[in-house]
Amino acid sequence: MAEAGPARLADPDVEARLARLDELLEGLESTPGPVTRPATEAVGLLTEVYGEALARVLDLADTALAARLADDELLGHLLVLHDIHPEPAERRAARAVERLRPAVRERGGDVEWAGVEEGVARVRLTTGGGCGSGCGSGGGVDVTDAVRAAVLAAAPELTGVEPVPDPEERRPAPAFVPLATLTHRGAP
């Protein structure tokens, strides 16, 4: 009979531990006293050592394994944290937009990656079905916030996310010219 491996954490358990870690670190940083500085230094040094270990794993991995490691949500975030992610920020952000696209389309809109300019992600976001930002659920504002959050989670090195106007929406509406002005030009 095969021996069971070490117990693994499900994603919700990892998220709960990360949230608790954030709480503990915030509490530690705001606690005065002689223990605070060495404790935060210990956490920093431990993080550096684990980052170095992760970088060495990545160095030993072939291209396919490195891609699989980077695609794992937790590992991908750790690779970004330690600035060793094998994919550039722009590619990660573009993939985040593509992952959101089906959900945005379900809401009657669309989202497209438009690139990065001076560290700012650019996305083209359209809302459909006559449901602009005035929809009861927040419409375009909710979608814009979701896109911004997803892009910055995938590529925190970027400084922001800005919408790019849709070329179709930028066209000025045709001017209304009353028929009477066309037929009576020469009339006094």
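Here the residue numbering is sequential within each chain, running from 1 through the sequence in written order. Two thresholds apply to this predicted model, a pLDDT of at least 70 for residue-level local features and 80 or more for giving and counting side-chain atom pairs, whereas whole-chain, interface and lining totals are computed over all residues. Think of the side-chain values as coming from all heavy atoms in the structure, minus any hydrogens and water.

Draft legend 1. Structural view of the pairing of strand S2 (residues 120-126). A simple rule labels every residue: compare its accessible area, found with a 1.4 Å probe on the protein chains alone, to the largest value its type can have, and call it buried under 20%, exposed over 50%, or partly exposed in between. Only DSSP runs of H or I reaching four residues or more are called helices, and only runs of E reaching two or more are called strands; each is numbered from the N terminus. Counting buried positions along S2 yields seven of seven residues, so the element is predominantly enclosed. Taking every second residue as pointing to the same face, both faces of S2 are buried, with Val 120, Arg 122, Arg 124 and Thr 126 on one and Ala 121, Val 123 and Leu 125 on the other. Strand pairing is assigned whenever DSSP identifies at least 2 bridges connecting the two strands. With seven bridges joining them, strand S1 (residues 110-117) and S2 adopt antiparallel strand pairing. Bridging from a neighbouring strand, Val 111 pairs with Leu 125 of S2. What sits between the antiparallel neighbours S1 and S2 is a turn of two residues, in which Glu 118 has the positive phi angle 50°. Pairing of S2 with strand S3 (residues 160-164) involves five bridges; the strand directions are parallel. The partner of Val 120 across the bridge, within S3, is Gly 160.

Draft legend 2. View of the nonpolar core. The definition of a nonpolar core used throughout is a set of buried Ala, Val, Leu, Ile, Met, Phe, Trp, Tyr and Cys residues joined through side-chain atoms within 4.5 Å. Core analysis: the largest hydrophobic core is formed by 17 residues, its most contacted members being Val 111, Trp 113, Val 123, Val 147, Val 151 and Leu 158. Taken together, the elements giving at least two residues each to this core come down to helix H5 (89-106), S1, S2 and helix H6 (140-154). Looking at this core element by element, the count peaks at six residues for H5. Non-local contacts of Val 111, meaning those with residues more than four positions away in its chain, are made with Val 97, Arg 101, Val 104, Val 123, Arg 124, Leu 125 and Val 147. Leu 58, Ala 61, Leu 69 and Leu 79 belong to the second-largest nonpolar core, a separate cluster that totals seven residues. The contact definition used throughout considers only heavy atoms, calling two residues in contact when any of these lie within 4.5 Å.

Draft legend 3. A look at the sheet that holds S3. The strand order across the open sheet formed by three strands is S1-S2-S3, and the pairing between neighbours is mixed. Of all the strands in the sheet, the pair left with one neighbour each is S1 and S3. Strand-to-strand twist of the sheet, defined as the mean angle between neighbouring strand axes without regard to direction, takes the value 30°. The axes used here are C-alpha line fits, helices contributing only the stretch in contact, and every angle between their N-to-C directions lies in the interval 0 to 180 degrees. Its contacts with the sheet put H5 on S1 and S2, and the angle it makes with S1 is roughly 165°.

Draft legend 4. Representation of H5. To estimate how far a helix should reach, multiply one less than its number of residues by 1.5 Å. Over its 18 residues, H5 runs 27 Å from end to end, which matches the ideal 26 Å to within 8%, given 1.5 Å per residue. Helix geometry: H5 is bent most strongly at Leu 100, by close to 35°, with proline Pro 102 lying one to four residues after it. Backbone geometry just downstream of H5 places Gly 108 in the positive-phi region, at approximately 90°. A residue's bend is simply the angle between two axes: one fitted to the seven residues ending at it, one to the seven starting at it.

Draft legend 5. Molecular detail of helix H4 (residues 73-81). Gly 76, Leu 79 and Val 80 are the residues of H4 that are buried. Take H4 and look down its axis: the buried residues cluster within an arc of 100°, on one side only. Two N or O atoms form a polar contact when they lie within 3.5 Å of each other; inside protein one atom must be a possible hydrogen donor and the other a possible acceptor, and for residues adjacent in sequence the pair counts only when both atoms belong to side chains. Backbone nitrogen of Leu 74 and a side-chain oxygen of the N-cap are separated by 3.1 Å at the start of H4; the cap is Asp 72. Immediately downstream of H4, the backbone of Asp 83 shows phi near 60°, a positive value. By definition, the arc is the one covered by directions from the helix axis to the C-beta atoms.

Draft legend 6. Examining the packing of helix H3 (residues 63-71) against H4 more closely. Where H3 contacts H4, the axes come no closer than 5 Å and their chain directions differ by 95°. It follows from the interaxial angle that H3 and H4 lie roughly perpendicular. For the pair formed by H3 and H4, the contact residues are Leu 69, Ala 70 and Asp 71 on the first element and Glu 73, Leu 75, Gly 76 and Leu 79 on the second. Considering only residue class, the contact of H3 with H4 consists of four nonpolar, one polar and two charged. Any angle that is under 35 degrees is reported as roughly parallel, and any over 145 degrees as roughly antiparallel; angles of 65 to 115 degrees are reported as roughly perpendicular and all others as oblique. Residue classes follow a fixed rule: Ala, Val, Leu, Ile, Met, Phe, Trp, Tyr, Cys and Pro count as nonpolar, while Asp, Glu, Lys and Arg count as charged, and any other residue, Gly among them, counts as polar.

Draft legend 7. Summary view of a negative patch on the surface. The patches reported here contain residues having more than 30% relative accessible area and no salt bridge. Joining distances are 9 Å for like charges and 5 Å for nonpolar side chains (Val, Leu, Ile, Met, Phe, Trp, Tyr). Methods summary: accessible areas were calculated by the Shrake-Rupley approach with a probe of 1.4 Å, and residue burial reflects only the protein chains presented. What makes a salt bridge here is a side-chain nitrogen of Lys or Arg within 4 Å of a carboxyl oxygen of Asp or Glu, nothing more. Charge assignment: positive for Lys and Arg, negative for Asp and Glu; neither His nor the chain ends contribute. Charged groups are reduced to one reference atom each: NZ for lysine, CZ for arginine, CG for aspartic acid, CD for glutamic acid. On the surface, Asp 11, Asp 13, Glu 15, Asp 72 and Glu 73 cluster together into a patch of negative charge. Looking at which element gives the most residues to the negative patch, the answer is helix H1 (residues 11-30), with three residues. Here Glu 73 lies in helix H4.

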